[in-house]
Amino acid sequence: MIAVNLSDEDRWKKYNNFSPLISIFKKFHPLNDEIERRINQHTFPISYKKNKYLVSPVDRNKYLFLIVKGVVRGFIKDGESEITTWIAKENEVVGTIRNLWVEGDSEEYLQALEDVDLIAIPHVLSEYLYENFAEANIVGRKMMETYYRSAEERAYLCRISSAEKRYKRFLVSFPDLINRVSLKYIASFLAIRLETLSRIRAKI
């Protein structure tokens with residue numbers, strides 16, 4: 001359950017008095033004052049300790065999250081096994097991909113792999129901005145292009161037949177994660193056994 005206790009005046013003090021989401025959006029397209037006002041009013045900062053769940057199947061899907069600090073993974077369960085489907089870091093927006101922008105149940109988990117600081121983005125805000133501002137649609141399209149390319153890279157990784165080649169590709173595609181993420185999660189992400197990953201790392 002996400003609860004917000006900060007007033008509008010206090011919530012952004014540590015972020016130079018405005019939501020960091022505004023800076024991310026402006027990288028894709030200029031924003032008008034009304035969009036910025038609504039982002040400041042309806043988004044809010046939230047933090048989770050390492051290993052805590054941002055979202056689990058018992059939660060309703062109401063938010064996306066901008067990662068300001070830390071690393072988050074998404075995973076699903078197959079019996080007792082966990083399958084890591086993605087890993088994200090600072091300045092990326094994450095959420096339950098399988099029902100994106102739809103408030104409802106999901107089989108996905110979002111887990112903090114470090115202590116994380118996030119900006120929560122209500123789906124109702126995203127929908128309002130899309131319906132009322134052309135600029136928001138341009139930002140959304142360009143962001144989706146970015147995340148589609150990332151998803152394509154993840155799909156490609158899973159289809160490389162050699163475990164060693166998958167790991168080498170991971171080093172090229174995600175070099176800043178290798179020293180921040182537990183090897184068991186990297187192994188899960190690459191669909192290889194932890195023992196196999198350890199042998200590959202020792203070899204190369």
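Preceding this paragraph is the structure being described.
Residues numbered from 1 in each chain as written. Predicted model: local features only at pLDDT ≥ 70, side-chain atom pairs only at ≥ 80, totals over all residues. Heavy atoms only, no water.

Undergrad: Just give me the short version of the packing of helix H3 (residues 123-132) against helix H4 (residues 134-159), but keep the residues and values in it.
TA: Running from N to C, H3 and H4 point in directions that differ by 120 degrees, and their axes come no closer than 5 Å. The element H3 and its partner H4 pack so that their crossing is left-handed. Between H3 and H4, the residues in contact are Leu129, Tyr130 and Asn132 and Ala134, Ala136, Asn137 and Gly140, respectively. When grouped by side-chain class, the residues that make up the contact of H3 with H4 number 4 nonpolar, 3 polar and no charged. (Axes fitted to C-alpha atoms, helices over the stretch in contact; angles between N-to-C directions. Helix = DSSP H or I, 4+ residues; strand = E, 2+ residues; numbered from the N terminus. Left-handed = near helix turned anticlockwise from the far one by under 90°. Contact = heavy atoms within 4.5 Å. Nonpolar A, V, L, I, M, F, W, Y, C, P; charged D, E, K, R; others polar.)

Undergrad: Tell me what's going on with the side chain of Arg73, and back it up with residues and numbers.
TA: Secondary-structure assignment places Arg73 in strand S4 (residues 72-78). Among the polar contacts listed, one links the side chain of Arg73 to the side chain of Gln111, at a separation of 2.8 Å. Setting aside residues up to four positions removed in sequence, Arg73 forms contacts with Glu82, Thr84, Trp86, Ile87, Tyr109, Leu110, Gln111, Leu113 and Tyr185. (Polar contact = N/O pair within 3.5 Å; in protein donor to acceptor, adjacent residues only side chain to side chain.)

Undergrad: Could you give an account of the pattern of salt bridges, naming the residues involved and the relevant values?
TA: Enumeration over the complete set of coordinates arrives at 15 salt bridges. Linking Arg73 and Glu82 is a salt bridge whose minimum nitrogen-to-oxygen distance equals 2.4 Å. For Glu82, a relative accessible area of 35% puts it in the partly exposed group. Connected through salt bridges with shared partners, the residues Glu34, Arg37 and Arg38 form a single ionic network. (Salt bridge = Lys/Arg side-chain N within 4 Å of Asp/Glu carboxyl O. Buried < 20%, exposed > 50% of the residue type's maximum accessible area, 1.4 Å probe, protein only.)

Undergrad: I'd like a rundown of the sheet that holds strand S1 (residues 44-48), residues and numbers included.
TA: Strands sit in the order S1-S8-S3-S6 across an open sheet of 4 strands; the sheet is antiparallel. With partners counted over all chains shown, the strands left at the sheet margins are S1 and strand S6 (93-94), one partner each. Both S1 and strand S8 (residues 116-122) contribute to a ladder of 5 bridges, which runs antiparallel. Directly across from Ile46, in S8, lies its bridge partner Leu118. In the packing of H3 onto the sheet, the strands contacted are strand S3 (63-69) and S8, and the crossing angle to S8 comes to about 55 degrees. (Pairing = 2+ DSSP bridges.)

Undergrad: If you had to explain the packing of aromatic side chains to someone new, which residues and values would you point to?
TA: Under the criterion given, the structure shown has 10 aromatic pairs. Here Phe170 and Phe189 contribute two aromatic rings whose centre-to-centre distance is 5.9 Å and whose plane-to-plane angle is 65 degrees, an arrangement assigned as edge-to-face. Placement of the pair is Phe170 in helix H5 (residues 163-173) and Phe189 in helix H6 (residues 183-189), with a sequence separation of 19 residues. When its relative accessible area of 1% is taken as the criterion, Phe170 is described as buried. Residue Phe189 is classed as buried on the basis of its relative accessible area of 7%. Through successive ring pairs, a cluster of aromatic residues spans Phe44, Tyr63 and Phe65. Over the face of the ring belonging to Phe75 we find Arg73, whose NZ or CZ atom lies 3.9 Å from the ring centre. (Phe/Tyr/Trp six-rings, centres within 6.5 Å; stacked < 30°, edge-to-face > 60°. Lys NZ or Arg CZ within 6 Å of the ring centre and 35° of its normal.)

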